[in-house]
Amino acid sequence: MSGVLVLAETRRGELRDVSLELVSAALEVKETAGGRLAVAVIGADAEKFAAGVAAEGVDEVLTVSAPTGQFEAHVWQRAVQALIEVEEPGLVLLGHTIDSIGFAPAVAAHLALGFASDVTAISWADGPRARRGAYGDKLVAELEFPGKECTLLTVRPGIFPVAAAGSGSAPARAVSIDLDGAARTEHVEYLDVAAGDVDITKAEFLLSIGRGIEDKDNIPRFEELAEKFGATLSVSRPIVDAGWMPSARQVGQSGKTVKPRVYLALGISGAVQHLAGMRTADTIIAVNTDPEAPIFGVAHYGAVADLFEVADELEQALG
Amino acid sequence: MKIVVAVKQVAALDEEFELVEDGVGVDADFLEWDLNEWDTFSLEAALQLRDDAGGDGHEVVAVTVGDEEAEEGLLSCLAKGADRAVRVWDEELEGADVLAVARVLAAMVERESPDLVLCGVQSSDAVNGATGTALAGFLDLPRVAVVTALEWDASGGVATVHRELEGGVIEVLRIHAPALLTIQTGINEPRYATLRAIKQAREKPLEVFGLDDLGLDPAVVQAAAGSRTVALATPDRGAGAEMLNGSPAAVAARIVEIVQERMSG
């Protein structure tokens, strides 16, 4: 088994960026591992994406026609299993996305593959090695996959650069896989979460609060502080989960991706899903009591301090 | 109906910590243990389904793979209302990866034959987001991952669920039992256990099994494992943040300065 197989991801007729990030990751590995780089696209309209995923360095594009109009975890599972069995890659790369979370671990379990999820770095020395977070991303673990002829990794989005779409000229080949009857869920509809009263993606200055504010009763205080400061108030996931603020205010993977000029994070530790939504802000300032909080890894300015004490002083300073 | 909830006792690092000698684990003295936050939501979802079903013959079984440290997590599930609990441990499982754990859970679930299996989307320490889906893979069970709403039609054995996609989009889909769902935080409001229930939890059935009790050959678990951790290190945070030191007043003053500078440019 040799070569790298990348699975592109599409949703509602669009190629998702993570697909071309995976190509960049695969090209890095290919330099040392050798072998061919194939990119597979699964879907009712897979051919439509063939030219786009053919970035420079891609050797071949594989298209698999799926019977369902949209992603279905069990159909995708069967398709990827068949691709691995037929194409015999040594390494398979998928995005660590909501779709992949629904089927990639099942593929690895079913075929007894080497496996790691949410991988942030990949190298090759007589086989793949991968890095991923441990203990809530406070440490980094280095993993090996001994005895495995094929290893499947899901790669964290936003880590590798997006390769230029359509910058290569790899030929496309249709792979026929019988996927009839593979679906085990029934799609009803997509719902788009209502925008709410404010569009945080348009704000130039976000004051963002997280679990550190401790109590719902503290929300009005930060609403007032944001107003005094000329900022728009946004929140991290636990605040929405607790029902303290509407989801339209949520920054993160399942919320909004924001890129304000200033992002001031109070009491947000910086879970991966949160960082995914704000790490490209121009200037990030973080206040947190935990000096090891991952938010300090992406912040430009940080303060290990009690957010209430800092808020007191901000209120004073802003009059 | 019968619902199995797979839970995990997770470890949080103290501010200061030391690695063990071989460098692939953290010294247990520096870890604090708690029931995984996601699992409090999957347990609550299971308890609500059981209570809605009403009457006898419905049960929620909490299962875990872990050493004695994990028993606290199961007791917490029992105190909140799970009917019974099962823990599996074997020294062979020390350092087991996500697929090996899922393989053991598969043997536990097979023994129970539930209508639904609920897992948390991920654990706060390993953050694999993979145990539930891998478990479904071993059992060949249909599943939906990252569920934020769940409606159960008992007559048809059908769940209508919301799957939370990136960027605030929801997919609504239906799935027939037996099935596995991985549950996202925020789906419900997890209950707290009363003091009395905490005391009574110790009277509820809590079975402890080894691999052989499940008829599982350690070699089978070993073969299922997907990876081996060879090193653990503190992350290179790059240049990192410029730290603002001093009193809260000094920190606040610098923040105001930085904001004004960046917003005026």
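The structure displayed is predicted, hence computed values, not measured ones. (Residues numbered from 1 in each chain as written. Chains lettered and ligands numbered in written order. Predicted model: local features only at pLDDT ≥ 70, side-chain atom pairs only at ≥ 80, totals over all residues.)

**Student:** How would you sum up the sheet that holds strand 8 (residues 128-134) of chain A? Please name residues and give values.
**Tutor:** Overall, mixed pairing links the 10 strands, which are arranged 11(A)-5(A)-4(A)-1(A)-6(A)-10(A)-7(A)-8(A)-9(A)-12(B) in an open sheet. Across the chains shown, the open sheet's two edge strands, defined by having one partner strand only, are strand 11 (172-174) of chain A together with strand 12 (228-233) of chain B. In this sheet, adjacent strand axes meet at a mean angle of 35 degrees when their direction is disregarded. Across 3 bridges, the pairing between strand 5 (residues 60-65) of chain A and strand 11 of chain A is parallel. Its bridge partner being in strand 11 of chain A, L62 of chain A is matched across the sheet by R173 of chain A. With respect to the sheet, helix 3 (residues 73-87) of chain A is in contact with strand 1 (4-7), strand 4 (37-43), strand 5 and strand 6 (91-95) of chain A, its orientation differing from that of strand 4 of chain A by roughly 150 degrees. Helix 5 (residues 104-111) of chain A rests against strand 6, strand 7 (114-124) and strand 10 (151-155) of chain A of the sheet, and its axis sits at about 170 degrees to strand 10 of chain A. (Pairing = 2+ DSSP bridges. Helix = DSSP H or I, 4+ residues; strand = E, 2+ residues; numbered from the N terminus. Axes fitted to C-alpha atoms, helices over the stretch in contact; angles between N-to-C directions. Contact = placed C-beta atoms within 7 Å.)

**Student:** Lay out the environment of E18 of chain B with the relevant residues and their values.
**Tutor:** Residues and elements named next belong to chain B. Inspection of the secondary structure assignment puts E18 in the loop between strand 2 (9-13) and strand 3 (31-35). Sequence separation between E18 and S264 is 246 residues, and the spatial gap between their C-alpha atoms is 45 Å. With sequence-adjacent residues up to four places away left out, E18 is seen in contact with D27 and F30.

**Student:** Just give me the short version of the interface of chain B and chain A, but keep the residues and values in it.
**Tutor:** Contacts between chain B and chain A engage 64 residues on the former and 79 residues on the latter. Among the elements that take part in the side of chain B that touches chain A, helix 7 (residues 248-264) of chain B stands out by supplying 11 residues, more than any other. When the residues that make up the side of chain B that touches chain A are grouped by side-chain class, the tally is 40 nonpolar, 14 polar and 10 charged. Direction of pairing for strand 9 (residues 139-144) of chain A relative to strand 12 of chain B: antiparallel, over a ladder of 5 bridges. Its bridge partner being in strand 12 of chain B, A141 of chain A is matched across the sheet by L232 of chain B. (Nonpolar A, V, L, I, M, F, W, Y, C, P; charged D, E, K, R; others polar.)

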